[in-house]
Amino acid sequence: MLGLHGRDLTLFLVVTALVVFAPVILNPFPIGSSLAQFNAGYPDLMQRFVIYGIFAIGFNILFGLTGYLSFGHAAFLGLGSYAAVWMFKLLSMNVIPALILSTVVAGLFALVIGFISLRRSGIYFSILTLAFAQMMYALAYSVLTPITNGETGLQLALDDPRILDGGERPTSLPVTDLFGLEMRETTVLHMGSWEFTIGAGYYFAGILMLIAFYLSIRIFRSPFGMMLRAVKSNQNRMNYTGLNTRPYTLAAFVISGMYAGLAGGLLAAMDPLAGAERMQWTASGEVVLMTILGGAGTLLGPVLGAGLIKYFENIFSKINDGVLHAWFGAVPDGMEDVLVTVFHPFVGKGWHLTLGLMFMAVVIFLPGGLVEGGTRIGRLFRRRGRNAGGAEAEAAAKHPAE
Amino acid sequence: MGILEVKGVNKRFGGLQALGDVNLSVAERTVHAIIGPNGAGKSTLLNCLVGKLIPDSGSVMFDGKSVLGRKPHEINQMGISRVFQTPEIFADLTVLENVMIPCFARRDGAFRMHALRSVRSEGGIRDQAEAMLADVSMLEKAGAHAGSLSRGDKRRLEMAMCLVQEPKLLLLDEPTAGMARADTNNTIDLLKEIKDKRPITMCIIEHDMHVVFSLAERITVLAQGTPLIEDTPDNIKGHPKVREAYLGEAQV
């Protein structure tokens, strides 16, 4: 089905189900309960999950397959946002032209930046991409103010032309839509004491993420994907096998730049403003963290990593001392204070600390990321099942003379 | 006129004359060995043939066309494959994938973006790669991780990757360096088999005289960057000039 086979198809269907049912899955706690603040099933956050998912999936096509570690991918994210907002200002509030332009502009910039940066590999490539991104950030912040609106960031204005939307000047700022369906539109489903918010913007972004994910599976399983893995494995052998590595790496760079541009455009489509800080190196670093945390070179890893980091940033950071006191309310007062003091640096504003420790643990113990963790657990269970069946000989036969 | 014609090639590294006026002609469908003591310029010469180094002067013609100024991948597409001293394979990929990649390179050229076509649908390429693996009796290892192979098997795999491209000229850079006697003999047998089965020209750089005299039909002796003599193995054996060149260096 869809040109996918076996486990890839299963994986794609599972991710599709997760995206479709996310508003329910991420809202497990009834409203009014003390845990309700950990519900992540509101459109604003879910949109960020899937949009950064797209960003990480694209980044993984470059980093996971070819091994080229770009440290400037946020530049394409920012470019996408600027391009989209300009489309909203000049052409129409419809998100389709905006997203097309975001992807195309990011792709063109990726072509130029990639062409130059890919002359070097390893750390030098990373530094070159970082330099480009920081240059673009600095330009957007200062010299290019007429285009980017500098520090304030690019915003919609009442007197924007918006050629396709008719000449009428709106009385309030218009909102983004998809042929009339407003991106901010939501429907709330009440089920007992649970509440699920279905947002148009989330589902639109979710569908695009599924398409992006689908394309990435196809790329991973294609001859092109095999060549990219060969680039990572041994460029020397590639050259002496009659293959030109440069266009392969450049194609991967441009594809991942376009994914980033699409993600940037979607960010603007959900909230039509674009600021230079979206291009800053911390944002480039974030997508590297997402990909490595989830598992570079795996299909699902980047999506998991993006979700986890955005969850930490938005939910884990909400645990303040008040919440901790409520949690440890049952223990004696002296102990309660001690426990709160111990946990304090790790939660709330200290969420970076927990994330950092987790990142270190993953890199040291699970170099393949969370996906490898899942695989190991799966293998453990399977082995247990097999031992019960007394089929150890089968395992031994599979790995002869090791 | 040989398939490979090297004329008046010079290469200098700073003050060192690595190659001085090298002339070499390799006839089609022969096994031509290049021997010589350490530092004689054998590897430099080989690197000039595959585009890794560009000679300061002289010409290198392959199949009637000049290879000078061309990149390694272009030279490979002309029909020259190379086996390295330490096997260069795709260690992170499976054995089968290792052989499929040269098949793709042969069919699609230096770059082709089949990004949405599934590898599964490439039955022809897979069959070709499997047939090649069967030829070098490695088919049962097709699914194995190439990096986990033994040294001998890596060499065998690299050979398969080169041969599946059906090159007109196969360059071998000390293919048995660092191998145990048994592995060396296996490699000799493999090369003999290849030679008998395929219309291929081979050019071997080798230290091991046992390998050279088991395979070569012509031998060029290189000393201090210059060809000393070129002849049949029988005439090379015991030639005074050759003994002189090797003198002081233990005959291994």
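The model shown is predicted, which means the values in this text are computed figures rather than measured ones.

Some points on the UniProt feature "transmembrane region" (unreviewed entry) in chain A
Then, number 1: Under the UniProt annotation, the feature "transmembrane region" (unreviewed entry) is placed at residues 12–29, 49–71, 91–116, 123–144, 200–220, 247–267, 287–312 and 353–374 of chain A.
Then, number 2: Within residues 12–29 of chain A, the helical portion is 78% and the strand portion 0%, while the C-alpha atoms at the span's ends are 27 Å from each other.

Examining the packing of aromatic side chains
Residues and elements named next belong to chain A.
Then, number 1: Applying the stated criterion to the full structure yields 14 aromatic pairs over all chains.
Then, number 2: Both rings, one in phenylalanine 12 and one in phenylalanine 213, keep their centres 6.3 Å apart while their planes meet at 15°; by these two values the pair is stacked. With phenylalanine 12 in helix H1 (residues 6–25) and phenylalanine 213 in helix H7 (residues 200–220), this residue pair connects regions lying 201 residues apart in the sequence. Side by side, phenylalanine 12 and phenylalanine 213 carry an identical accessibility label, which is buried.
Then, number 3: Through pairs of rings, three or more aromatic residues link up here, namely Tyr68, Phe76, Phe125 and Phe253.
Then, number 4: One residue, lysine 89, lies across the ring of tryptophan 86, its end atom 5.7 Å from the ring centre.
Then, number 5: The ring of phenylalanine 115 is capped by arginine 119, whose NZ or CZ atom sits 5.1 Å from the centre of that ring.

Brief notes about the nonpolar core
Proteins that are soluble and globular tend to have nonpolar side chains buried together.
Then, number 1: The biggest cluster of nonpolar side chains holds 140 residues, and the ones touching the most others in it are Ile54, Phe88, Met209 and Leu266 of chain A together with Leu157 of chain B.
Then, number 2: Top contributing element to this core by residue count: helix H10 (residues 245–270) of chain A, with 16 residues.
Then, number 3: In this structure, Ile3, Leu19, Leu45 and Val67 of chain B belong to the second largest nonpolar core, which totals 29 residues.

Quick notes on the pattern of salt bridges
Residues and elements named next belong to chain B.
Then, number 1: With the rule as written, the count across this model stands at 25 salt bridges over all chains.
Then, number 2: In this structure, arginine 112 and aspartate 108 form a salt bridge, with 3.8 Å as the shortest nitrogen-oxygen distance.
Then, number 3: Several salt bridges share partner residues, and in doing so they unite Arg107, Asp108, Arg112, Arg117 and Glu122 into one network.

Brief notes about the environment of alanine 200 of chain A
All names here are of chain A.
Then, number 1: For alanine 200, the location among the structural elements is in helix H7.
Then, number 2: Between the C-alpha atoms of alanine 200 and valine 342, which are 142 residues apart in sequence, the distance is 42 Å.
Then, number 3: Sequence-distant contacts of alanine 200, that is, excluding residues within four places in its chain, are made with Leu181, Glu182, Met183 and Glu185.

Focus on a nonpolar patch on the surface
Then, number 1: Taken together, the side chains of Ile100, Val104, Leu108, Phe109, Leu111, Val112, Phe115 and Ile116 of chain A present a nonpolar region at the surface, about 720 Å² in accessible area.
Then, number 2: Along the chain, valine 104 of chain A turns up in helix H4 (residues 95–117).

Regarding helix H1 (residues 42–50) of chain B
All names here are of chain B.
Then, number 1: The buried count for H1 comes to eight of nine residues, which makes it a mostly enclosed element.
Then, number 2: All buried positions along H1 are accounted for by Lys42, Thr44, Leu45, Leu46, Asn47, Cys48, Leu49 and Val50.
Then, number 3: Positive phi shows up at glycine 51, right after H1, with a value of about 90°.

Digging into the packing of helix H2 (residues 43–66) of chain A against helix H8 (residues 223–233) of chain A
All names here are of chain A.
Then, number 1: Contact geometry for H2 and H8: axes closest at 7 Å, N-to-C directions at 55°. The angle between H2 and H8 falls in the class oblique. Across the interface between the two elements, Ile61, Phe63, Gly64, Leu65 and Thr66 of H2 pack against Gly225, Leu228, Arg229, Val231 and Lys232 of H8.
Then, number 2: Grouping the constituent residues of the contact of H2 with H8 by class yields five nonpolar, three polar and two charged.

Topic: the layout of surface pockets
Then, number 1: The volume enclosed by the largest pocket comes to roughly 1,800 Å³.
Then, number 2: At the level of secondary structure, the elements contributing two or more residues to the lining of the largest pocket comprise H1, H2, H7, H8 and helix H16 (369–389) of chain A together with helix H3 (95–108) of chain B.
Then, number 3: Volume-wise, the second largest pocket comes out at about 490 Å³.
Then, number 4: Surrounding the second largest pocket, 20 residues form its lining, Leu18, Phe49, Val303, Leu304 and Gly307 of chain A being those nearest its centre.
Then, number 5: Those elements giving two or more residues to the lining of the second largest pocket turn out to be H1, H2, H7 and helix H12 (301–314) of chain A.
Then, number 6: No other element matches H1 of chain A, which puts seven residues into the lining of the second largest pocket.
Then, number 7: A per-class count over the lining of the second largest pocket returns 19 nonpolar, one polar and no charged.

Here's the deal with the sheet that holds strand S7 (residues 169–173) of chain B
All names here are of chain B.
Then, number 1: Here six strands make up an open sheet; going across it, the order is S6-S7-S8-S3-S9-S10 and the pairing mixed. Looking at which strands have only one partner, the edges of the open sheet turn out to be strand S6 (80–83) and strand S10 (226–231). Each adjacent strand pair in this sheet contributes to an overall mean axis angle of 20°, direction not counted.
Then, number 2: By the bridge criterion, four bridges tie strand S3 (residues 31–35) to strand S8 (residues 201–205) in an arrangement that is parallel. Within the sheet, the bridge partner assigned to histidine 32 lies in S8 and is cysteine 203.
Then, number 3: Its contacts with the sheet place helix H5 (residues 151–163) against S6 and S7, and it is angled at close to 175° to S6.

As for the packing of H3 of chain B against helix H4 (residues 123–135) of chain B
Residues and elements named next belong to chain B.
Then, number 1: Relative to each other, H3 and H4 sit at 120°, their axes nearing to 9 Å. With respect to their mutual orientation, H3 and H4 come out oblique. Seen from above, H3 lies across H4 with right-handed handedness. On H4, the residues touching Val95, Leu96, Val99, Met100, Cys103, Phe104, Arg106 and Arg107 of H3 are Ile125, Arg126, Gln128, Ala129, Glu130, Met132 and Leu133.
Then, number 2: Partitioned by chemical class, the residues of the contact of H3 with H4 number 10 nonpolar, one polar and four charged.

Considering the side chain of arginine 82 of chain B
Residue and element names in this part refer to chain B.
Then, number 1: Residue position: arginine 82 is located in strand S6.
Then, number 2: Residue class for arginine 82 comes out buried when judged on its relative accessible area of 5%.
Then, number 3: Of note is the side chain of arginine 82, whose polar atom sits 3.0 Å from the side chain of asparagine 47.

Focus: the confidence of the model for chain A
Then, number 1: Averaged over every residue, the pLDDT of chain A is 90; the share at 70 or more is 96%.
Then, number 2: Confidence over residues 390–402 of chain A falls short of pLDDT 50; this stretch has four contacts with residues more than four positions distant or in other chains.

Description of the pairing of strand S1 (residues 4–13) of chain B
Residues and elements named next belong to chain B.
Then, number 1: Bridging between S1 and strand S2 (residues 16–26) involves seven bridges; their strand directions are antiparallel. Considered in S2, the bridge of valine 6 is made with leucine 24.
Then, number 2: Connecting the antiparallel pair S1 and S2 is a turn made up of two residues, with glycine 14 showing a positive phi of about 60°.
Then, number 3: Bridge count for S1 against strand S4 (residues 57–62) is five bridges, and the pairing is antiparallel. The residue bridging lysine 7 from the neighbouring strand is serine 59, located in S4.

A word on the domain arrangement of chain B
All names here are of chain B.
Then, number 1: The assigned domain composition of chain B is domain 1 (4–79 + 167–246) and domain 2 (90–150).
Then, number 2: Using only C-alpha atoms to locate each centre, domain 1 and domain 2 end up separated by 28 Å.
Then, number 3: Each partner contributes residues to the interface: domain 1 has six residues there, and domain 2 has six residues.
Then, number 4: Applying the counting rule to domain 1 against domain 2 returns two salt bridges.
Then, number 5: Run the count over domain 1 and domain 2 and you get two residue pairs in polar contact (both at pLDDT 80 or more).
Then, number 6: Every element with two or more residues in the side of domain 1 that touches domain 2 is listed here: helix H2 (72–78) and helix H6 (181–197).
Then, number 7: With three residues, H6 is the largest single contributor of residues to the side of domain 1 that touches domain 2.

Conventions adopted
Residues numbered from 1 in each chain as written. Chains lettered and ligands numbered in written order. Predicted model: local features only at pLDDT ≥ 70, side-chain atom pairs only at ≥ 80, totals over all residues. Heavy atoms only, no water. UniProt positions renumbered as here; feature names shortened; annotations may be inferred. Helix = DSSP H or I, 4+ residues; strand = E, 2+ residues; numbered from the N terminus. Phe/Tyr/Trp six-rings, centres within 6.5 Å; stacked < 30°, edge-to-face > 60°. Buried < 20%, exposed > 50% of the residue type's maximum accessible area, 1.4 Å probe, protein only. Lys NZ or Arg CZ within 6 Å of the ring centre and 35° of its normal. Core = buried A, V, L, I, M, F, W, Y, C linked by side-chain atoms within 4.5 Å. Salt bridge = Lys/Arg side-chain N within 4 Å of Asp/Glu carboxyl O. Contact = heavy atoms within 4.5 Å. Patch = residues over 30% accessible without salt bridge, like charges linked within 9 Å, V, L, I, M, F, W, Y side chains within 5 Å. Areas by Shrake-Rupley, 256 points an atom, 1.4 Å probe, with all protein chains shown as cover. Axes fitted to C-alpha atoms, helices over the stretch in contact; angles between N-to-C directions. Parallel < 35°, antiparallel > 145°, perpendicular 65-115°, else oblique. Nonpolar A, V, L, I, M, F, W, Y, C, P; charged D, E, K, R; others polar. 1 Å grid on protein atoms, 1.4 Å probe; cavity = no way out; pocket = protein on both sides within 12 Å on 5 of 7 lines; lining within 4 Å. Points joined across faces, edges and corners; volume = space filled by probe spheres on them. Pairing = 2+ DSSP bridges. Left-handed = near helix turned anticlockwise from the far one by under 90°. Polar contact = N/O pair within 3.5 Å; in protein donor to acceptor, adjacent residues only side chain to side chain. pLDDT = per-residue confidence, 0-100. Domains from an automatic or database assignment.

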